[in-house]
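Listed below are the residues making up each chain.
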Amino acid sequence: MKSDPGLYDYLPYDRTRPKITWPNGARVAFWIAPNIEFYEFQPPTNASRAPWTRPLPDVLAYSARDYGNRTGFWRMLDAMARHNIRGSVSLNVAMCDHCPEIIEACAKHDWEFYSHGTYNTRYTFNMSEAQERELIQDSIDTIKKHTGQKLDGWLAPALSYTDRTIELVAEMGLTYICDLFHDDQPCPVKTAKGKLASIPYSLEMNDVIAYLVNLVSPRRYGDIIRAQFDRLYEEGAESGTVMCIPLHPYLIGSPHRIKAFEEAIAYIAGHDKVWLATGREIAQHFIANDFDTFAKASQPVGSL
Amino acid sequence: MGMPDDYMRYPHRHYGMDQDRYDWSMLPRRKPVQWPNGARVALWIVPVLEWFPLDMQGKPFKAPGGMVMAYPDLRHYTLRDYGNRVGIYRILDALKKRDLKASVAANAAVAARYPHLLREIVGQGHEVIAHGLHMDRIHHGGMSEEDEKATIAQSLDVLRKGSGQGVRGWLSPARSESYTTPDLLAEQGIDYLCDWANDDMPYKFRAKSRAIHAMPLSAEIDDYAISIQFHFSEDELVHHIVDQFEMLYEEAGREGGRILSLSLHPWITGQPYRIAYLEKALDMVMRRAGVWNATGAEILDAWKAQQ
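Just so it is clear, the model here is predicted, and its values are computed rather than measured.

Visitor: Which parts of the structure should I look at to understand the overall build of chain A?
Guide: In terms of regular secondary structure, chain A is built from 11 helices and 9 strands. Scaling as 2.2 N^0.38, a compact globule of 304 residues should have a C-alpha radius of gyration of about 19 Å, and chain A matches this with 19 Å. On the principal axes, the C-alpha backbone points of chain A span a range of 55 × 45 × 40 Å. The proportion of buried residues among the 304 residues of chain A is 61%. Residue pairs in contact within chain A that sit at least 24 positions apart in sequence constitute 75% of those at least 6 positions apart. Of the roughly 11,700 Å² of accessible surface on chain A, 51% is carried by carbon and sulfur atoms.

If you want it as structure tokens, here you go:
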């Protein structure tokens, strides 16, 4: 085990950081990342994580996740479409087999698909390198086959990793990851092969963390989204920022939550200096324009 | 090193669900449902009557609301029992004043211990649905079929005799099931199951002997979740109920009838300082035209007649 992940150098959020200029002078690149997931009824065991808190079958936890695909997704899709906001889907790729209607609906709205593993109940923990490559290749192939898109982004299934994960993702041709929470702007990731950007994804804005961990009420979730945006919009006048809202249809798509959320994204979409982007578009722009200057400006981390 | 080969195999990776209890189905693509008299939203109120034994074993886990301290945990035992002595009567009065009926989910132990309470519930025109034996008899994968069958039989026997009703609905303690619970319930005459939290509408549910139905009892518009788990204020309790209702009401105008379910625990919402907020939420719901208050069985029958 390592004491530092070794994935990035130090780049302070101050005058020494190169300036980011988004398309059309936008201050904030805003993206929504719906996690469209399939949780298995009888998942295999992994010593590093139990899928459910209760012994199998955990019908309450399983069915609460299934709510997202049957009902919540459709409310979320409508709310986003009303404000012309595309999603960048963090996809458990087995969803292409289980619920192809959802994939078709996303594609029809011109959404991006990136990978969140195969199932949310299959963790990367304890996999061999060959198994991890198989997992990533499955995502590349499945997304290509069902959507025609090249896989560019990665968010590890259930945020489970090995020490190799990030390097393999870069080596296999992906261009961005959502797994690092160290910044409000994109950053270069240090890998031996490929060119990989870290795109801000924000756990604080994530509906699971907000609702279930920080115990934020549905109405207050709308307030904190606005506050997060206001600040990033203000700071974005100096150098372009990124705001992401990661969602889970099983939470955001429930009737008592969707309205306050929709009002908040309407507020954001109502600003003129906002770039309504996808993860891939943000990564492409950053890699083409800022990756090298950011890497150059970064300072090596000192040692004790 | 690495995971066993099976970890990379996906035997259920195919169209639809990875278990065969029900079909994959998308809410907005279903045939719209019409409630009686053109109502938009069916209001389904489900007070839950629980008895937590003082010597709770918590196998294989403790039901939410279970004992916390070392034995004898008088503090939690009595506060839960408060719901059955005091809190439920506040809720029943709130319903009576508004001429509302409910589906009361009762542990058989509550019915056996407090026959007066069951008589009051039946006398006031409410439906009784079964909530298992008591809060320390959890249905789970490690329960033998024989034991589970007997537990269900005893629960239904006590509740059917005590209420004089057929008792068609079932809510498992802690909404926990074994792999065979739905089969055993179907065999013993249960028509609808309230454990699965995956829908806003009823749907057909497969059991061995015959098809039953799942009814959408919200796990989130639930006072335990709102007031205890999330520590929200009484105003938030009202916001949760009313925001849920307003969205369903709006949706029903486009997509057909919807259901507002309210899961209420008398030891929580029956507290003097909370009851007025339930009353306020009920008034805010009932002031709308096109709300049909009904029991679970009535809602299910109206839905089934249109399939």
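After that view, the rundown keeps rolling.
Visitor: Just to check I follow, could you spell out the overall build of chain B for this structure?
Guide: Scanning chain B from N- to C-terminus turns up 10 helices and 9 strands. Taken over the C-alpha trace, chain B has a radius of gyration of 20 Å; the compact-globule value for 307 residues is 19 Å, and the two agree within 12%. Along the first, second and third principal axes, the C-alpha set of chain B runs to 60 × 55 × 45 Å. Taking all 307 residues of chain B together, the buried fraction comes to 61%.

Visitor: Sorry if this is basic, but what is going on with the interface of chain A and chain B here?
Guide: The parts lose accessible area when they come together, and the size of an interface is often stated as this lost area. Counting from both sides, the interface comprises 60 residues of chain A and, opposite them, 60 residues of chain B. Summed over both sides, the interface of chain A with chain B buries roughly 5,000 Å², with 56% coming from carbon and sulfur. The tally of links between chain A and chain B comes to 9 salt bridges. One salt bridge connects A:R75 with B:D200, and the closest N-O pair in it is separated by 2.8 Å. Linking chain A with chain B are 35 residue pairs in polar contact (both at pLDDT 80 or more), by the criterion used here. The set of elements that each furnish at least two residues to the side of chain A that touches chain B consists of α1 (59-82), α2 (95-98), α3 (100-108), α4 (129-147), α6 (207-213), α7 (218-235) and α9 (255-269) of chain A. Element by element, the count of residues in the side of chain A that touches chain B is highest for α1(A), at 12 residues. Taken together, the residues that form the side of chain A that touches chain B break down as 31 nonpolar, 16 polar and 13 charged.

Visitor: Looking at this structure, how should I read the pairing of strand β3 (residues 127-130) of chain B?
Guide: Moving residue by residue along a regular strand, the side chains alternate between the two faces of the sheet. Residue and element names in this part refer to chain B. Of the two faces of β3, the one carrying E127 and I129 and the one carrying V128 and A130 are both buried. Bridge count for strand β2 (residues 103-106) against β3 is 4 bridges, and the pairing is parallel. Each residue of the ladder has a partner; that of A106, found in β3, is A130.

Visitor: Mind showing me how you'd approach the pairing of strand β8 (residues 258-264) of chain B here?
Guide: Residue and element names in this part refer to chain B. Taking burial as the measure, the 7 residues of β8 include 7 buried ones, the bulk of the element. In this sheet, β8 lies alongside strand β1 (residues 41-49) in parallel orientation, the contact comprising 7 bridges. If you follow P47 over to β8, its bridge partner there is L264.

Visitor: Whenever I open this one, unusual backbone geometry confuses me. Can you help?
Guide: With the exception of glycine, the majority of residues adopt a negative phi angle, and the majority of peptide bonds are in the trans configuration. Cis geometry marks the peptide bond from A:L56 to A:P57; its omega dihedral reads -5°. For A:P57, the position within the fold is in the loop between β1 (28-36) and α1. Backbone geometry at A:S202 places phi at a positive 65°, although glycine is not the residue there. For A:S202, the position within the fold is in the loop between β7 (196-198) and α6. Non-glycine residue B:R175 carries a positive phi angle of around 50°. By the element assignment, B:R175 lies in the loop between β4 (169-170) and α5 (181-187).

Visitor: When you look at the packing of aromatic side chains in this model, what are you seeing that I'm missing?
Guide: The relation between two aromatic rings is expressed through the spacing of the ring centres and the mutual angle of the planes. Inspection of the entire model under this criterion finds 31 aromatic pairs over all chains. The interplanar angle of 55° and the centroid separation of 6.1 Å between the aromatic rings of A:F181 and A:Y201 together place this pair among those described as tilted. Here A:Y201 lies in the loop between β7 and α6 and A:F181 lies in the loop between β5 (176-177) and β6 (187-189), a separation of 20 residues in the sequence. The class of A:Y201 is buried, set by a relative accessible area of 2%. Positioned above the aromatic ring of A:Y267, the side-chain terminus of A:R226 is 5.7 Å from the ring centre. Positioned over the ring face of B:Y249 is B:R40, at 4.5 Å from the centre of the ring.

Visitor: Can you help me understand the side chain of B:H131 in this one?
Guide: All names here are of chain B. Relative to the helices and strands, H131 resides in the loop between β3 and α4 (145-163). With a relative accessible area of 3%, H131 lands in the buried category. Apart from the residues lying within four places of it in its own chain, the contact partners of H131 are V48, L49, E50, A105, A106, N107, L159, L171, S172, P173 and A174.

About the criteria used
Residues numbered from 1 in each chain as written. Chains lettered and ligands numbered in written order. Predicted model: local features only at pLDDT ≥ 70, side-chain atom pairs only at ≥ 80, totals over all residues. Heavy atoms only, no water. Helix = DSSP H or I, 4+ residues; strand = E, 2+ residues; numbered from the N terminus. Rg over C-alpha atoms; globule rule 2.2 N^0.38 Å. Buried < 20%, exposed > 50% of the residue type's maximum accessible area, 1.4 Å probe, protein only. Contact = heavy atoms within 4.5 Å. Areas by Shrake-Rupley, 256 points an atom, 1.4 Å probe, with all protein chains shown as cover. Buried area = accessible area lost by both parts, 1.4 Å probe. Salt bridge = Lys/Arg side-chain N within 4 Å of Asp/Glu carboxyl O. Polar contact = N/O pair within 3.5 Å; in protein donor to acceptor, adjacent residues only side chain to side chain. Nonpolar A, V, L, I, M, F, W, Y, C, P; charged D, E, K, R; others polar. Pairing = 2+ DSSP bridges. Phe/Tyr/Trp six-rings, centres within 6.5 Å; stacked < 30°, edge-to-face > 60°. Lys NZ or Arg CZ within 6 Å of the ring centre and 35° of its normal.

Everything listed is a geometric property; what it means functionally is a separate question.
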